[in-house]
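Structure assessment
Read off the chains here:
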Amino acid sequence: MTSTTAQTTAGTDTTAEVELLIGGMTCASCAARVEKKLNRMDGVSATVNFATEKAKVVHAPSVQVADLIATVERTGYTAEEPPPPEPAPETAPETPERDTELDALRHRLLVSALLAAPVVLLAMIPALQFDDWQWLSLTLAAPVVVWGGWPFHRAAWTNLRHGAATMDTLVSVGTLAAFGWSLWALFLGDAGMPGMHDEFRLTVSRMDGASTVYLEVAAGVVALILLGRYLEARSKRRAGAALRALMELGAKDVTVLRYEEGGHGALSDGTGGGVRPGGREVRIPVSSLAVGDRFVVRPGEKIATDGTVVEGRSAVDASMLTGESVPVDVGPGDRVTGATVNAGGRLVVEATRVGSDTQLARMARLVEDAQNGKAEVQRLADRVSAVFVPVVILIALGTFGVWLGVTGDTVAAFTAAVAVLIIACPCALGLATPTALMVGTGRGAQLGILIKGPEVLESTRRVDTVVLDKTGTVTTGRMGLQAVYVAEGEDEKELLRLAGALEHASEHPVARAIAAGAERQVGALPAVEHFENVPGRGVRGRVDGREVAVGRLYDELPQELARAAREAEREGRTAVVAGWDGRARGVLAVADAVKETSAEAVRELRALGLTPVLLTGDNRTVAEAVARHVGIDSAHVFAEVLPEEKVDIVRRLQREGRTVAMVGDGVNDAAALAAADLGLAMGTGTDAAIEAGDLTLVRGDLRVAADAIRLSRRTLATIKGNLVWAFGYNVAALPLAAAGLLNPMIAGAAMAFSSVFVVTNSLRLRAFR
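Residues numbered from 1 in each chain as written. Predicted model: local features only at pLDDT ≥ 70, side-chain atom pairs only at ≥ 80, totals over all residues. Heavy atoms only, no water.

We now examine unusual backbone geometry. Its identity as a non-glycine residue notwithstanding, H530 has a phi of 55°, on the positive side. Along the chain, H530 falls in strand 18 (residues 529–534). A positive phi is found at D581, a non-glycine position, where the angle reads about 55°. Checked against the element boundaries, D581 lands in the loop between strand 21 (574–580) and strand 22 (583–594). (Helix = DSSP H or I, 4+ residues; strand = E, 2+ residues; numbered from the N terminus.)

Before going further, it helps to spend a moment on the UniProt feature "transmembrane region" (unreviewed entry) in the protein chain. Those places that UniProt annotates as "transmembrane region" (unreviewed entry) correspond, in this numbering, to residues 109–127, 133–150, 170–189, 209–228, 384–406, 412–433, 722–739 and 745–763. Helix and strand shares over residues 109–127 are 84% and 0% respectively, and the end C-alpha atoms of the span are 28 Å apart. A helix fraction of 94% and a strand fraction of 0% characterise residues 133–150, whose end C-alpha atoms lie 25 Å from each other. (UniProt positions renumbered as here; feature names shortened; annotations may be inferred.)

Within helix 21 (residues 645–655) the residues assigned to the buried category are K646, V647, I649, V650 and L653. Viewed along the axis of helix 21, the buried residues span an arc of 160°, placing them on a single side of the element. Of the residues trailing helix 21, G657 is marked for its positive phi of about 95°. (Buried < 20%, exposed > 50% of the residue type's maximum accessible area, 1.4 Å probe, protein only. Arc of directions from axis to C-beta.)

Let us look at the sheet that holds strand 17 (residues 475–486). Spatial strand order, 17-22-21-20-19-18: 6 strands in an open sheet with antiparallel pairing. The two strands at the open ends of the sheet, each matched to only one other strand, are strand 17 and strand 18. Within the sheet, the average angular offset between the axes of one strand and its neighbour, ignoring direction, is 20°. The strands touched by helix 17 (residues 509–522) are strand 17, strand 21 and strand 22; relative to strand 17, the strand with the most contacts, the crossing angle is about 65°. (Pairing = 2+ DSSP bridges. Axes fitted to C-alpha atoms, helices over the stretch in contact; angles between N-to-C directions. Contact = heavy atoms within 4.5 Å.)

With that out of the way, let us pick up the nonpolar core. Buried together is how nonpolar side chains tend to be arranged in soluble globular proteins. The biggest cluster of nonpolar side chains holds 50 residues, and the ones touching the most others in it are I449, L468, V474, V663, L678, L680 and L695. Sort the elements by how many residues they give to this core and helix 24 (residues 703–738) lands first, with 9 residues. Once residues lying within four places of it in the same chain are set aside, the contact partners of V663 are V466, V467, L468, D469, T473, L673, L680, M682, L702 and A705. Judged by nonpolar contacts, the second largest core, of 37 residues, contains L122, V171, Y214 and F414. (Core = buried A, V, L, I, M, F, W, Y, C linked by side-chain atoms within 4.5 Å.)

Moving on, we come to the confidence of the model for the protein chain. When pLDDT is low, close inspection of the predicted coordinates is not appropriate. Of the residues in the protein chain, 80% reach a pLDDT of 70 or more, and the chain-wide mean stands at 79. Per-element mean pLDDT across the protein chain ranges from 42 in strand 1 (residues 6–10) up to 93 in helix 4 (residues 133–148). Ignoring residues within four places in sequence, the model shows residues 1–12, a span with pLDDT below 50, making 31 contacts including any to other chains. This stretch, residues 86–97, has a pLDDT under 50; its non-local contacts, to residues over four places away or in other chains, come to 15 contacts. (pLDDT = per-residue confidence, 0-100.)

Centre-to-centre distance and the angle between the planes together describe a pair of aromatic rings. A full pass over the atoms with the stated rule returns 4 aromatic pairs. Note on W725 and F757: the rings are 4.6 Å apart at their centroids and 40° apart in plane angle, and the pair reads as tilted. Separated by 32 residues along the polypeptide, W725 in helix 24 and F757 in helix 25 (residues 744–763) bring together distant segments of the chain. Residue classification places W725 among the partly exposed positions, given a relative accessible area of 28%. (Phe/Tyr/Trp six-rings, centres within 6.5 Å; stacked < 30°, edge-to-face > 60°.)

The next point concerns the sheet that holds strand 14 (residues 347–353). Read from one edge to the other, the open sheet built from 6 strands follows the order 7-6-8-14-9-12, with strand pairing classed as antiparallel. The strands lining the two open edges of the sheet, one partner per strand, are strand 7 (280–285) and strand 12 (335–336). Where strand 8 (residues 294–297) lies against strand 14, 4 bridges are found, and the strand directions are antiparallel. Following the sheet pairing, V297 is matched in strand 14 by L347.

On to the environment of W403, then. Within the secondary structure, W403 is located in helix 11 (residues 376–407). On a C-alpha basis, the gap between W403 and A416 in space is 8.0 Å, while along the polypeptide they are 13 residues apart.

Moving on: a nonpolar patch on the surface. A surface patch of nonpolar side chains, amounting to about 320 Å² of accessible area, comprises L121, M124, I125 and L128. Of note, M124 is situated in helix 3 (residues 95–124). Taking relative accessible area as the criterion, M124 reaches 37% and is therefore assigned partly exposed. (Patch = residues over 30% accessible without salt bridge, like charges linked within 9 Å, V, L, I, M, F, W, Y side chains within 5 Å. Areas by Shrake-Rupley, 256 points an atom, 1.4 Å probe, with all protein chains shown as cover. Salt bridge = Lys/Arg side-chain N within 4 Å of Asp/Glu carboxyl O.)

Running from N to C, helix 16 (residues 492–504) and helix 17 cross one another at 135°; their axes reach a closest spacing of 8 Å. Taken together, the axis directions place helix 16 and helix 17 in an arrangement best described as oblique. Viewed along their axes, helix 16 and helix 17 form a crossing whose handedness is left-handed. Contact residues: helix 16 offers E492, K493, L496, R497, G500, E503 and H504, while helix 17 offers A511, I514, A515, A518, E519, Q521 and V522. Of the residues contributing to the contact of helix 16 with helix 17, the split by class is 6 nonpolar, 3 polar and 5 charged. (Parallel < 35°, antiparallel > 145°, perpendicular 65-115°, else oblique. Left-handed = near helix turned anticlockwise from the far one by under 90°. Nonpolar A, V, L, I, M, F, W, Y, C, P; charged D, E, K, R; others polar.)

Written out as structure tokens, the structure reads:
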């Protein structure tokens, strides 16, 4: 992954942004400490994410990256900028390192578990306790506590030297205390005597301290927490898999066309888009591709970068980027996106965006930024984690003192204090938000939903009104032939064939819609002779020996055609009369077609408790016809709205007490998207709209808006569920441990389970449909 260093200028203020990889963090309180130290620097604003192990830092020009790294290192952790991307990486740069870390952790866990298992069994089952069993337990437990628990002890010592305490401090102090007590009892007390027997208890009880060993606690807790760490690390890796898969989607190399005359191959044969013959095909890395290059995409190959088709027709499978399973037909003039797959014929594409400007790269940046950010609920968890460990140590000391004072039993007091230390680790608290965010945003990217940041999730919960721009959002944004009415005794196919042929010679949008509709229904169209454009009234010409006219060139219409024309206009369509040999033969109804999925999308938005509102610059007749078609009440239609008035409509709804989501795709929607409480930009729209939106819907399907809101709400609900569990677990468990109702090993198992539960709960978002 690349470091994102950006310059932001506002007047005379300039800031830079850098991303750092942070090493050595083991819990949420580690992340809170690093963040606190960085934010204490003048001109620095930092966010540290424990789950992604990254710090996103905005700093003044006077602050050097080396200063930031030095501050992190003084805090007891490591920091570095991510390595630059390789020209054509086979895998994400961080993958090998992460695999090595996971392998090392798995090795430490397996060895510790194999050694700890007999120790725990011997302690729990008195029947297995042979003479001198305790010395075998010591032999097996010692490497587990020292070597298996070394990461905890090392981190605790590092933090101690910096005057801090983290989760590792609790684990290290707890296990070393249990191990130290056992050594004292074995070498200086009675526990080392042959024939000594011990009983495993779930709760604290009075017993002779000199004959009591806690080797099963020391070894068992280390093994259980290593298991929790391993499952957590593996789950975090799975949680980030969607982003890594997204970044690895792109093609590695590409076949470009080169010409004798030089240049990038952007040469035309003069016929309107064909590639000049004789271009030499050269295979190059995708990183060497430049804007303007023309490249060949054969069937089954990935399209190397964003571009425009200049030759060939095919179907493109965009399911990897958009989640849409149906391939899209493309031809000359159509835009295609890098990393999608050519499922049909040979294409020649002219590159329009390369490198970090492509839609794939922008998607990856959006997803990564969202994963690195923090929702408001996470900031509360961070503040709690920062003070939690010192408070727990005080509670443990207090527990020891109270038990000792009330019972006079050192063993019981010690056991209760160790249980408090071990059960209180705030791991689950630190993982609650980032893991859910990683999985939720990654799953969104797979479905063609890009969430810009975690604060967006908060907005989706409150939204109660959704404003839909008509053109390009509810409708296709292109004129299409919607209906054909023929006079009595006339043949519909003949009408389409002759009218379509005449309109094919015209450049008017309505004419193009009729010609395309006719071509779809009747196939190839005949040639036109003596074509003539009659300004303001239509076109006429000779087709197959007949004098054909299309438009408003007929003064009188048969009664059924006049009625059909009125009906079409009532529905907001443009009625065009077609005929030949001086007589009107039919009416063709043309309109900006409503997308097939828009009515279903409106139903889904209503099911989410949202009130849909239609917003358009078209006249009220057209607007109300579209609203009726998709199921929006006429009272919620705003028609004949100028682009600059769209913001006013959004603000008016907000003044009425509504929380507004806006869905749009054009430049004229950008301001309204920014003004809305939640902006959803159609990814098929303009860059301005996408930049202004909070959520980007890669597909041009309005149903994805409902999916986006559902996914955002589900992710937020998962975060809140995780936090309720993490807070509730600690609040409930601490008093139980302090009251002596938990054996320290049971406490260790519960603590490990807590972290695994939170991560597993987050992973359920991967099943979102």
